[in-house]
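# Summary of structural features
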Amino acid sequence: MRYYVGHKGKYGHEFLEFEVNSEGRLRYANNSNYKSETMIRKEVYLTEVVVEVLQNIIKDSDVMDLEKEHPDAVKDWPAPDRNGKQELEIILGGQDTKFTTSKFSSLVGMDEHLTTLYYLVQDIKSLIFSLLNLKFRINPINAN
Amino acid sequence: MEEAKETKLGENVICVSGIYEELQEEDLLDIFTEFGPIKTLHFNIDKRTGYAKGYAFIEYEKQNAQKAIDRMNGEEIAGQKIKVDWAFKKDKKKKHRRRRSRSRSRS
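Residues numbered from 1 in each chain as written. Chains lettered and ligands numbered in written order. Predicted model: local features only at pLDDT ≥ 70, side-chain atom pairs only at ≥ 80, totals over all residues. Heavy atoms only, no water.

Chain B has the name RRM domain-containing protein in an unreviewed UniProt entry, where Euplotes crassus is given as its organism.

You'll find chain A entered in an unreviewed UniProt entry as Mago nashi-like protein, with Euplotes crassus given as the organism. The UniProt entry for chain A carries the following comment under Sequence similarities (unreviewed entry): "Belongs to the mago nashi family." Regarding chain A, the UniProt comment filed under Subcellular location (unreviewed entry) reads as follows: "Nucleus". (UniProt positions renumbered as here; feature names shortened; annotations may be inferred.)

### Quick notes on the sheet that holds strand 3 (residues 25-31) of chain A
All names here are of chain A. Pairing in this open sheet of 6 strands is antiparallel, and the strands run 4-3-2-1-5-6 from one edge to the other. Strand pairing shows two members of the sheet lacking a second neighbour, strand 4 (40-45) and strand 6 (95-101), which therefore form its edges. Strand-to-strand twist across the sheet, computed as the mean angle between neighbouring axes with direction ignored, equals 10°. The pairing of strand 5 (residues 85-92) with strand 6 spans 7 bridges and is antiparallel. Residue pairing in the sheet places Gln-86 in a bridge with Thr-101 of strand 6. (Pairing = 2+ DSSP bridges. Helix = DSSP H or I, 4+ residues; strand = E, 2+ residues; numbered from the N terminus. Axes fitted to C-alpha atoms, helices over the stretch in contact; angles between N-to-C directions.)

### Describing the interface of chain A and chain B
At the interface, 25 residues of chain A touch 27 residues of chain B. The largest contributions to the chain A side of the interface with chain B come from Tyr-45, Leu-134 and Lys-135 of chain A, which together make up 27% of the buried area. Applying the counting rule to chain A against chain B returns 3 salt bridges. Here Glu-59 of chain B ties to Arg-137 of chain A by a salt bridge, and the two come within 3.7 Å at their closest N and O atoms. Only strand 4, helix 1 (48-61) and helix 4 (112-136) of chain A provide two or more residues apiece to the side of chain A that touches chain B. Per-element accounting of the side of chain A that touches chain B gives the leading share, 13 residues, to helix 4 of chain A. Of the residues that constitute the side of chain A that touches chain B, the class distribution is 12 nonpolar, 7 polar and 6 charged. (Contact = heavy atoms within 4.5 Å. Buried area = accessible area lost by both parts, 1.4 Å probe. Salt bridge = Lys/Arg side-chain N within 4 Å of Asp/Glu carboxyl O. Nonpolar A, V, L, I, M, F, W, Y, C, P; charged D, E, K, R; others polar.)

Laid out in structure tokens, this is it:
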């Protein structure tokens, strides 16, 4: 699973990205040129129990079937724009899916299937940020 | 030296999964404090439902995590079976960066 959120603006390419593979390798990168901060890169190996937690979060969200079951809704999702881009790519149980969209704006009036993605992203971030906090004492700024 | 410090972090962290979604934080703490003082708890909530997401990370003050794993893995809380294990792998690939270049001394 890989998640990316970022934008290119006044301070360069600012982004946050993390990925977890089936072996449990978690890689995290956070690049911000605001106040000349440099890129942060971290890597740690998660145990099977943790990987399973992530897999269950994804399975419970029903996101893997979203594109197949609601292709028209997915097609209408806002495309990446000047404010930025988000990408979520998942390979799980023989299925793979990838979503590319803009940063989330207001939940009010959001397409119901996009809210599925929204809540999944929040749940995944909660998990990953907890792990990063416990292992590296870092607190990624959750801009979204 | 930075690397050595970093490997210390997270070594007393366990992951508990399969937690009953209505379990309260204090009940979870009651159960796991039995093994030793807890330094940090992450008991994350499902933002859509408001219920517990079903997992928690617990960091113990000292080396009590192994006891918690041994005694609680496979046990039940509120009739639901939980899994307990380390959060981070112990035998990570060790990159021995200290490769001394072998200098051949000609004597």
